[in-house]
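As a plain string of letters, each chain reads:
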Amino acid sequence: MRNLEIFDSTLRDGAQARNISFTVEDKLNIVRALDALGVRYIEAGNPTSNPKDLEFFTRAALLHLQNAELVAFGSTRHRERTPQDDPLLQRLLGAGTGTVAIFGKSSELHAREVLGVSLEENLHMIEETVRYCVQNGKQVIFDGEHFFDGYKQNPDYAMRTLQAAASAGAMRLVLCDTNGGCFPDEIAEITGKAVARFGGMVGIHCHDDTGCAVAGSLMAVGAGAVQVQGTFIGFGERCGNANLSAVIPSLQLKRGYACIPEGQLCELTATARYVAEVANIVLPAQLPYVGASAFAHKGGMHIDGVTKLRSSFEHVDPASVGNERDLLLSEMSGRTSLLHKIRAFAPGLRKDSAQVAQLMDILKRLEFEGYQFESASASFELVVLRHLELFSSPYRVELFRIVGEQADKQESKLSSAIVKVQVGERSEITAAEGQGPVNALDKALRKALEVFYPEIRDIRLVDYKVRVMEPQRATAAKVRVFIETTDGAASWTTVGVSTDIINASFKALTDSMDYKLYRSAKGL
Ligand SMILES: CC(=O)SCCNC(=O)CCNC(=O)[C@H](O)C(C)(C)COP(=O)(O)OP(=O)(O)OC[C@H]1O[C@@H](n2cnc3c(N)ncnc32)[C@H](O)[C@@H]1OP(=O)(O)O
Ligand SMILES: CC(=O)C(=O)O
């Protein structure tokens, strides 16, 4: 396997993404996670930018990293200063990392129009800054900002900017597609030119403005780049950076590059989920390799195929990246999907049995009515168990009634609910108040059921979601309610559908109680 350097900039370029703001503690946690995964370089911030990043580097110096090296990021010296009297550069060196990333302009246009310097002065800025850092004991990674656009305008000048950094002692020359507008074939061709001139010093840094950042990075590696820069789950300035959680497995599993230690690849998904959690974002389900849907199969024919032969619908083994297969049940399912889902609690059924065909019909009808069982597996299980007569609700709700909200009383906002439950010959009528009608109904139902089933006391609602379907029908639209419940040991989700939100909630609530009773009858 050939070695390839992975350079993660989640904490620097990633922090330039909209709605991302890391605390020092967040940064330390992400550094620990990326180090454990085996990333080579972690560009952890810009100490010239803000006191938080400065504090981070002070605290990060105490970390005992096993695999990664921290990198501080900053620019070439200001045009009117020498490196020695440039306060930003002094702060960069003061961050105490062994390696610094220096970005400088590789584009004639940018040198002239953005920096406002002559082309020669820009080369001096690059060379003097890199040399100064090297003389101060730093290993320097030079980021040629706008290299590809600059190369397209003036190839000779773009190459001279790299030469200036190389002559001054930079150890890597990173070609940046800063605006993210280059296509992968252009990246491959231009990277090849830089590699022909500078050999194994070349790295790649792609942005995703055309949705090609990962593709561009892979092409650059094919053309000889030895370092790939990106962010771990792809967020970064504007549309983001090359997503390393896709780059790493692609190169490691399909091209034979050692990006992280081999035994660590199975930690990829857990690391991506952890980074998302610390960054306070929802990990997009459709992210390649690590997303919740990366190996989720929905089409009935796909499910049939993948359960016969993994490679028929999976390009790699989900376990190789620490993810897992998920088979989704819907109106697009076939009998194979259904059998797979129910085999744990309804074994013994075969693909050709009549009950399976009946269940398929029930499932498709319910989905047509608006039910969705993909994320409400407890309700789905109850549908199956009831149809197979393996479970029936031991109680009956004779009536429930919500007593109006007190719209004018801001302080209480209370609703009341009355519920009458019948168990065998006995019935129980209870009332309860709550913060809104669903809360009141939940409390009243529980109070009634607890008289007969004390285990109901163990459960509590942890999430309640409403989705309005057919919104064009305004108040006549159907609503789908999801309720997540826990008893401390397990949690489950149920669903209810109706044109009336109270009714939909009631169905989801009673399913939630039924599922608890089913679990306790089974000793779970
Ligand atoms: C492609 C990239 O992602 S590069 C990194 C981008 N990231 C960031 O900008 C986040 C961190 N930045 C910051 O915190 C601030 O911009 C600071 C503290 C670095 C500088 O702040 P200020 O001094 O107020 O300058 P401001 O941000 O308004 O403008 C940038 C200055 O840097 C200069 N500059 C931009 N690129 C470079 C470069 N490669 N080398 C030297 N100077 C540069 C500009 O010419 C401008 O200087 P001027 O005001 O004398 O014309
Ligand atoms: C350095 C950098 O982040 C860029 O050019 O995009």
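The numbers attached to residues start from 1 for each chain and follow its sequence in the written order. Chain letters start at A and ligand numbers start at 1, both assigned in the order the entries are written. Given that the model is predicted, a residue must reach a pLDDT of at least 70 before its local features are reported, and side-chain atom pairs must reach 80 or more before they are shown or counted; all residues, however, enter totals for whole chains, interfaces and linings. Values reported for side chains reflect all heavy atoms of the structure, with hydrogen atoms and water molecules removed beforehand.

## Side note on unusual backbone geometry
Excluding glycine, residues mostly have negative phi values, and the peptide bonds linking residues are mostly trans. Condition: Helix and strand definitions follow DSSP, with helices as H or I runs of at least four residues and strands as E runs of at least two, each counted in order from the N terminus. The buried label applies to any residue whose accessible area, calculated with a 1.4 Å probe on protein chains only, is under 20% of its type's maximum; exposed applies above 50%, and partly exposed to all values in between.
At histidine 146, a residue that is not glycine, the phi angle is positive and equals roughly 60°. With respect to the helices, strands and loops of the structure, histidine 146 is situated in the loop between strand S6 (139-145) and helix H6 (147-153). For asparagine 280, which is not glycine, the phi torsion reads 65° and is therefore positive. For asparagine 280, a relative accessible area of 69% gives the class exposed.

## Quick word on the pairing of strand S3 (residues 41-45)
To keep things clear, this is the line we draw: DSSP calls a pair of strands paired once it identifies at least 2 bridges connecting them. Look down the strands so they point away from you; if going from the first strand over the helix to the second traces a clockwise path, that crossover is right-handed.
With five of five residues buried, S3 is to be regarded as a mostly interior element. One ladder, built from two bridges, connects strand S2 (residues 5-8) with S3; its direction is parallel. Each residue of the ladder has a partner; that of aspartate 8, found in S3, is isoleucine 42. One crossover worth recording links S2 to the parallel S3 by way of helix H1 (residues 24-37), and it is right-handed. Direction of pairing for S3 relative to strand S4 (residues 69-75): parallel, over a ladder of four bridges.

## Examining the sheet that holds strand S9 (residues 227-230)
Put simply, the test is: Note on definitions: angles span 0 to 180 degrees between N-to-C directions of axes, and those axes are lines fitted to C-alpha atoms, for helices only across the stretch in contact. Any two residues having at least one pair of non-hydrogen atoms within 4.5 Å are treated as being in contact.
Within the closed barrel, the eight strands sit side by side as S2-S3-S4-S5-S6-S7-S8-S9. Their pairing is parallel. Strand-to-strand, the axes of this sheet are offset by a mean angle of 25°, without reference to chain direction. Relative to S6, strand S5 (residues 99-105) runs parallel, the two being bridged by seven bridges. Its bridge partner lying in S6, phenylalanine 103 is registered against aspartate 143. Packing of helix H3 (residues 87-94) onto the sheet brings it into contact with S4 and S5, and relative to S4 it is tilted by some 180°.

None of this, on its own, says anything about what the molecule does.
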